Amino acid sequence: PEIRREDYRPFPWIVSETRLDFDLGIDCTRVRSTLTIARNAKADRSSTIRLNGDGIEATSVTVDGEPTQSWVMDGDDLVLTLPGDAHEIGIETEIDPSANSQLMGLYASSGMLCTQCEAEGFRRITFFPDRPDVLSTYSVRMSGSKDRFPVLLCNGNRVATGEEGDTHWAEWHDPWPKPSYLFALVAGDLVARSASFTTMGGREVELNVWVREGDLDRTEHAMESLKRSMKWDEEVFGREYDLDLFNIVAVSDFNMGAMENKGLNIFNTKYVLADPETATDGDYDGVEGVIGHEYFHNWSGNRITCRDWFQLSLKEGFTVLRDQLFSADMGSEPVKRIEDVRILRGVQFPEDSGPLAHPIRPDSYREISNFYTATVYNKGAEVIRMMRTMAGEERFRKGTDLYFDRHDGEAATCEDFVKSIEDGAALDLTRFRRWYSQAGTPRVGVTLEHEGETARLTLTQTVPATPGQSEKQPMPIPLKLALFDRASGTHRGEELVILNEDRAEVTFDGFTEKPILSINRTFSAPVTIERDVSREELVFLAEKDDDPFARYEAMQELMTGHLVADVTDDLDDDEREAAREDIARAMRSVLEDDQLDDLMRGELLMMPGATYVAEQMLVADPGRIHARREALKTALGTRLAGSLQEVYARTENMPFSLDAGAKGARKVKTLALAYIAASDPAKAVELAARQYDRADNMTDRQGALMVLAGLDSAERTGKLLDFYNRYQNNALVIDKWFAIQAGSLHPRAIEHVKALRDHPDFTLKNPNRVRSLYMAFAANPAAFHAEDGEGYAIIADLILELDPINAQTTARFVPPLGRWRRIEEKRAKLMREALERIAAAPKLSRDTFEQVARSLGRG
Ligand code: ARG
Ligand code: ZN
């Protein structure tokens, strides 16, 4: 049963009002719903209404107040025959939140009740047209034990409360019509950090961040991030908040990062709780980014939602772009850009070149949860970023203003968005629309020739074939570039060249000497650049490019190019030495450049990830890549020992603060330590143990422990034990403890993972814990790709065991195995066997089935 984009039909009924009455209990919640419906004049006429359900039963059905028998179950859906044009439908269901391990719909999490309805969870609560284009005004009554659920929250505003004996109730009304996926409810024993924000129009908004009792003093950063998000969206996009209340609730059991329910965002605790003792600098940034993301959805998602789930990138791609721009404004713009590109290339590029490749606006799916992907989110953001680059900031803003204005209150399409940008920004996007329909990362071939005083740039593009799309059309690719003069180390200004066709030539005059090309600056297009560039030119750019991203890129190219050669070409010692010397030279200039801030220095020092290196090859040998990559690390550590130790000494004792200087110092400190660990393990153990003991913050402590975890020593055991004992009562930190071991460079990481799954703190019921052990492991290139296939078997076992418990979380473990076509023969066979073993299971969830089938090429 595939659902296809082209099959979209408007729903035959309008549901103007939805009233819900919840009788809350952990193992039995009664739900009565009343829907006010009328025929939709803009849709085909139907004498029935299909109300979606998922594993629920109706205990009573009424039409206009009268019990009726004129309904049937069609699979999980309830189909009701209706005599007239307007009715009131009443339905009762009973659900058991404590038994809901899928964490979709209404479920229990450490004693409280909460919901997750996107994409199709509402149908697990009550029968409803559970599709994003059915917008309705919700009024909700919730009642439950005062003792168990002292706090009762829902969307919108609280309009009445009361109590009877030991139960109490609250009534909520949300004035903004919304689709069912934005419904939310929370009931539990919670405390709030409260504040207020005055909008640009003078509306005073009450803000609350709700957590469990002991967590309150770790909510300050979340609250400050929320206020900054609200202010930023007013200033940068002209968007103002539209209710008097904004609630955020943190829950420990959550499938994803967070959810933008109207007026009641629900978050994974991971993206709310932070203090220096328990959260790393990366965690702080994650909280700020996700708080921003969910808040920005209030306009890009809630006020304007999606017509159908094929349009998911309409809200997600745009909102990711908005959160990226927000974080860039709050911190370092170039560093944020580099981090975003690293995620794109590390996760989305492999997706785009594998069996699960799909356009940012997919054409079909079996299970929509499988399409909450890096392609829809991150490539979606890149596509909109390209429009912004081509239009310029000011005209882009005119486009987004027009979009918000034109489609406010609607369920819109990606086409509506593109058309608004086209009209508002005065940009012709006719051909650019192909970015929405074609999957695959374009490859751009670049050659630069020089003759007389002319530099001639030839650009070509090919978009690779992807499953279901063998023929591709050229797409407009905006490339920022600059031509550097070798002698002066400067250029005459950046240009934007848009490659519209398969091939283009651009000439530049006035160059007596061949210039050095810096291209795809700021990563202006999400493409792979293929060019012949000498190491000498890359060293030049790594040292001198004034675009920090391009400088980073030159460093990456320098290392990636060498690693690919070292893995595939059997370099002789001289060639290898020469390459290492060039890389070391560029790194030394990075280590010693006092114009650089440490946050940026850290980026320039990072080696390309093993997955990214593998991605450069048609068929990769992960074992060899890992070995050559580690060897390069050792060589660099040895060559740069002096500079690394200087950097370490300079940053070692810097007092803790959250400002950029101190954050940067922490970043380069642990990076330096990692290089030292590769070249002088004994020294590294000594430094790491000291760093661990003296740490007054989680960044330093976790960094030290990560280095120790990869090296055999008494300190390894001691510090791991200390860490566990110290943070035993903090689930998010114990997650780190699992992840550090599962992701470590230690040669016996597999054994450690097997032991950890029997650890009393391990549970399959909590997605954060599952991911901390197994995602970290699947991303551990050496251990996951163990030659005998044991890593693949471990993931396959997990998939089979977890699937009945939590399908959505399970399906996310399939893609690492799905990479088999790009892996050398022996391992590929083992990976495929693991997939076949999963496919042969008697009963698989739709989520996992779809991913496994597609991974095996059985679409
Ligand atoms: N809309 C949420 C976000 O991006 C993600 C929720 C997805 N949930 C799911 N079960 N697929 O912020
Ligand atoms: Zn989102």
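I will try to describe carefully the structure that is included in this document. (Residues numbered from 1 in each chain as written. Chains lettered and ligands numbered in written order. Predicted model: local features only at pLDDT ≥ 70, side-chain atom pairs only at ≥ 80, totals over all residues. Heavy atoms only, no water.)

Quick word on the overall build of the chain
Under the convention used in this document: Helix and strand assignments come from DSSP, with helices taken as H or I runs of at least 4 residues and strands as E runs of at least 2, each series counted from the N terminus. For a compact globule the rule gives 2.2 Å times the number of residues to the power 0.38, and the radius of gyration it is set against comes from C-alpha atoms. In this scheme, a residue with accessible area under 20% of its type's maximum is buried, one over 50% is exposed, and one in between is partly exposed, where area comes from a 1.4 Å probe on protein chains only. The contact rule is simple, with two residues in contact once any of their heavy atoms fall within 4.5 Å. For the purpose of charge, His is not counted, nor are the chain termini; Lys and Arg are scored as positive and Asp and Glu as negative. Where a charge lies is defined by one atom per residue type, namely NZ (Lys), CZ (Arg), CG (Asp) and CD (Glu).
Helix and strand counts for the chain stand at 28 helices and 31 strands. Expected size for 859 residues packed as a compact globule is a radius of gyration near 29 Å; at 28 Å, the chain falls within 12% of this value. Dimensions of the chain, computed from C-alpha atoms along their principal axes, come out at roughly 90 × 60 × 60 Å. Out of the 859 residues belonging to the chain, those deemed buried represent 60%. Sequence-distant contacts in the chain: of pairs separated by 6 or more residues, those separated by 24 or more amount to 70%. With 104 positive and 144 negative side-chain charges, the chain shows a spacing of 2 Å between the two charge centroids.

Looking at the state of the cysteines
Our working rule: Disulfides are defined in this document as cysteine sulfur pairs within 2.5 Å.
Inspection of every chain in the model, using the stated rule, returns 0 disulfides. Cys 28 takes part in no disulfide bond, and the closest cysteine sulfur to it belongs to Cys 114, at a distance of 17 Å. Of the cysteine sulfurs around Cys 306, a residue in no disulfide, the closest is that of Cys 414, at 7.2 Å. Given a relative accessible area of 0%, Cys 306 falls into the buried group.

Regarding the coordination of the zinc ion (ligand 2)
Rule in force here: Coordination shells were defined by N, O and S atoms within 2.8 Å of each metal, extended to 3.2 Å for Na, K and Ca; water is absent from the atom set, which can make sites look incomplete. In these descriptions, tetrahedral denotes four donors with every angle between 85 and 135 degrees, square planar four donors and octahedral six donors with opposite donors over 155 degrees apart and the rest between 65 and 115, and irregular any other case.
Those donors, His 293 (NE2), His 297 (NE2), Glu 316 (OE) and Glu 316 (OE), are the protein atoms that reach the zinc ion (ligand 2), and they lie 1.9 to 2.8 Å from it. Classification of the site at the zinc ion (ligand 2) as irregular follows from its 6 donor atoms and the range of 47 to 160 degrees in their angles at the metal. Motif for the zinc ion (ligand 2), donor spacing along one chain: H-x3-H-x18-E. A residue pair is termed long-range when its members are at least 10 positions apart, and His 297 in the loop between helix H2 (281-296) and strand E22 (305-306) and Glu 316 in helix H3 (residues 312-330) qualify at 19 residues. A relative accessible area of 0% means that His 297 is categorised as buried.

Describing helix H5 (residues 374-391)
Rules: Expected helix span is given by 1.5 Å per residue-to-residue step, counting one fewer step than there are residues. Throughout, the bend at a residue refers to the angle made by two axes, fitted to the seven residues ending there and to the seven starting there.
In a regular helix each residue adds 1.5 Å, so 18 residues correspond to 26 Å; H5 covers 25 Å between its end C-alpha atoms and thus fits that length. A bend of about 25 degrees at Gly 380 is the largest found in H5. The element H5 is extensively covered by neighbouring structure, given that 17 of its 18 residues are classed as buried.

Brief notes about the sheet that holds strand E4 (residues 48-51)
Convention followed: We call two strands paired when DSSP finds no fewer than two bridges between them. To get an axis, a line is fitted to the C-alpha atoms, and for a helix only the part in contact is used. The angle between two axes follows their N-to-C directions and goes from 0 to 180 degrees.
Pairing is antiparallel in the open sheet, where 3 strands are placed in the order E4-E8-E7. The open sheet terminates on both sides in strands that have one partner only, identified here as E4 and strand E7 (71-74). Strand-to-strand, the axes of this sheet are offset by a mean angle of 25 degrees, without reference to chain direction. Pairing between E7 and strand E8 (residues 77-81): 4 bridges, direction antiparallel. Within E8, the position partnered with Val 72 by the bridge is Val 79.

Regarding the pairing of strand E9 (residues 86-95)
In terms of strand pairing, strand E3 (residues 29-39) meets E9 through 10 bridges, oriented antiparallel. Bridge pairing in E9 places Ala 38 opposite Ala 86.

Considering the packing of helix H4 (residues 333-352) against helix H12 (residues 598-605)
For the record, the criterion: Under this scheme an angle from 65 to 115 degrees is roughly perpendicular, one under 35 degrees roughly parallel, and one over 145 degrees roughly antiparallel; angles in between are oblique. Handedness of a crossing follows from how the near helix is turned relative to the far one, being left-handed for an anticlockwise turn of less than a right angle and right-handed for a clockwise one. Residue type decides the class: Asp, Glu, Lys and Arg count as charged, Ala, Val, Leu, Ile, Met, Phe, Trp, Tyr, Cys and Pro as nonpolar, and the leftover types, Gly among them, as polar.
Put simply, H4 and H12 touch, their axes get as near as 9 Å, and they point 30 degrees apart. With respect to each other, H4 and H12 are oriented roughly parallel. Here the hand of the crossing between H4 and H12 comes out left-handed. For the pair formed by H4 and H12, the contact residues are Pro 334, Val 335, Ile 338, Glu 339 and Arg 342 on the first element and Leu 599, Met 600 and Glu 603 on the second. Tallied by class, the residues present in the contact of H4 with H12 amount to 5 nonpolar, no polar and 3 charged.

So, the pattern of salt bridges
Stated formally: One speaks of a salt bridge when a side-chain nitrogen belonging to Lys or Arg is within 4 Å of a carboxyl oxygen belonging to Asp or Glu.
Counted by the stated rule, this structure contains 89 salt bridges. With a closest N to O distance of 2.7 Å, Glu 537 and Arg 486 form a salt bridge. With Glu 537 in helix H9 (residues 535-544) and Arg 486 in the loop between strand E27 (477-484) and strand E28 (495-499), this pair connects stretches of sequence that are 51 residues apart. With its nearest N and O atoms 3.2 Å apart, the salt bridge here joins Asp 573 to Arg 576. Residue Asp 573 and its partner Arg 576 are located together in helix H11 (residues 573-592), separated by 3 residues, close to a single helical turn. Since its relative accessible area comes to 55%, Asp 573 is described here as exposed. Sharing partners across several salt bridges, the network here consists of Glu 118, Glu 260, Lys 315 and Glu 316.

Overview of the nonpolar core
The cut-off we apply is this: We call a set of buried residues a nonpolar core when its members are Ala, Val, Leu, Ile, Met, Phe, Trp, Tyr or Cys and they connect through side-chain atoms within 4.5 Å of each other.
By size, the foremost hydrophobic cluster in this structure holds 151 residues, and its most contacted members are Phe 22, Met 142, Phe 183 and Met 387. With 9 residues, the single largest contributor to this core is H5. Once residues within four sequence positions are removed from consideration, Phe 183 is found in contact with Leu 20, Phe 22, Thr 115, Cys 117, Phe 122, Ile 125, Tyr 138, Val 140, Cys 154, Asn 155, Lys 178 and Asn 261. Formed by 112 residues, the second largest nonpolar core is a distinct cluster that contains Leu 604, Tyr 692, Leu 711 and Leu 835.

So, a negative patch on the surface
Note the threshold: Surface patches are defined over residues having more than 30% relative accessible area and no salt bridge, joining like charges when they lie within 9 Å and nonpolar side chains (Val, Leu, Ile, Met, Phe, Trp, Tyr) when within 5 Å. Accessible surface area values rest on a Shrake-Rupley calculation with a 1.4 Å probe, where residue burial reflects the displayed protein chains alone.
On the surface, a cluster of negative charge is contributed by Asp 147, Asp 166, Asp 189 and Glu 213. By the secondary structure assignment, Asp 166 is in the loop between strand E14 (157-164) and strand E15 (167-178). Given the relative accessible area of 61%, Asp 166 is considered exposed.

Comments concerning the packing of aromatic side chains
What counts, and what does not: Each pair of aromatic rings taken from Phe, Tyr and Trp, with Trp reduced to its six-membered ring, is defined by centres within 6.5 Å and is described as stacked if the planes are under 30 degrees apart, edge-to-face if over 60, and tilted in the remaining cases. Only Lys NZ and Arg CZ are tested; either one counts as a charge over a ring when it is within 6 Å of the ring centre and within 35 degrees of the ring normal.
Per the counting criterion, the structure on display carries 36 aromatic pairs. A ring pair is formed by Trp 232 and Phe 326, whose centres lie 5.6 Å apart and whose planes are at 65 degrees; its orientation type is edge-to-face. Here Trp 232, found in helix H1 (residues 220-237), pairs with Phe 326, found in helix H3; they are 94 residues apart in sequence, far enough to count as distant. Overall, Phe 326 belongs to the buried group, its relative accessible area being 0%. Relative to Tyr 377, the ring of Tyr 372 lies with its centre 6.3 Å away and its plane at 50 degrees, an arrangement referred to as tilted. Across the pair, Tyr 377 and Tyr 372 agree in class, each one buried. Between the NZ or CZ atom of Arg 303 and the centre of the ring of Trp 176, over which it lies, the distance is 3.9 Å. Over the ring of Phe 511 we find Arg 492; its NZ or CZ atom is 3.8 Å from the centre of that ring.

Overview of the sheet that holds strand E20 (residues 258-259)
In space, the 5 strands of this open sheet follow the order E17-E18-E19-E21-E20, with mixed pairing throughout. Both outer strands of the open sheet, strand E17 (191-198) and E20, are each paired with one neighbouring strand and no more. Where strand E19 (residues 245-251) and strand E21 (residues 264-268) come together, 5 bridges link them in parallel fashion. Each residue of the ladder has a partner; that of Asn 247, found in E21, is Leu 264. In the packing of H2 onto the sheet, the strands contacted are E19, E20 and E21, and the crossing angle to E21 comes to about 150 degrees.

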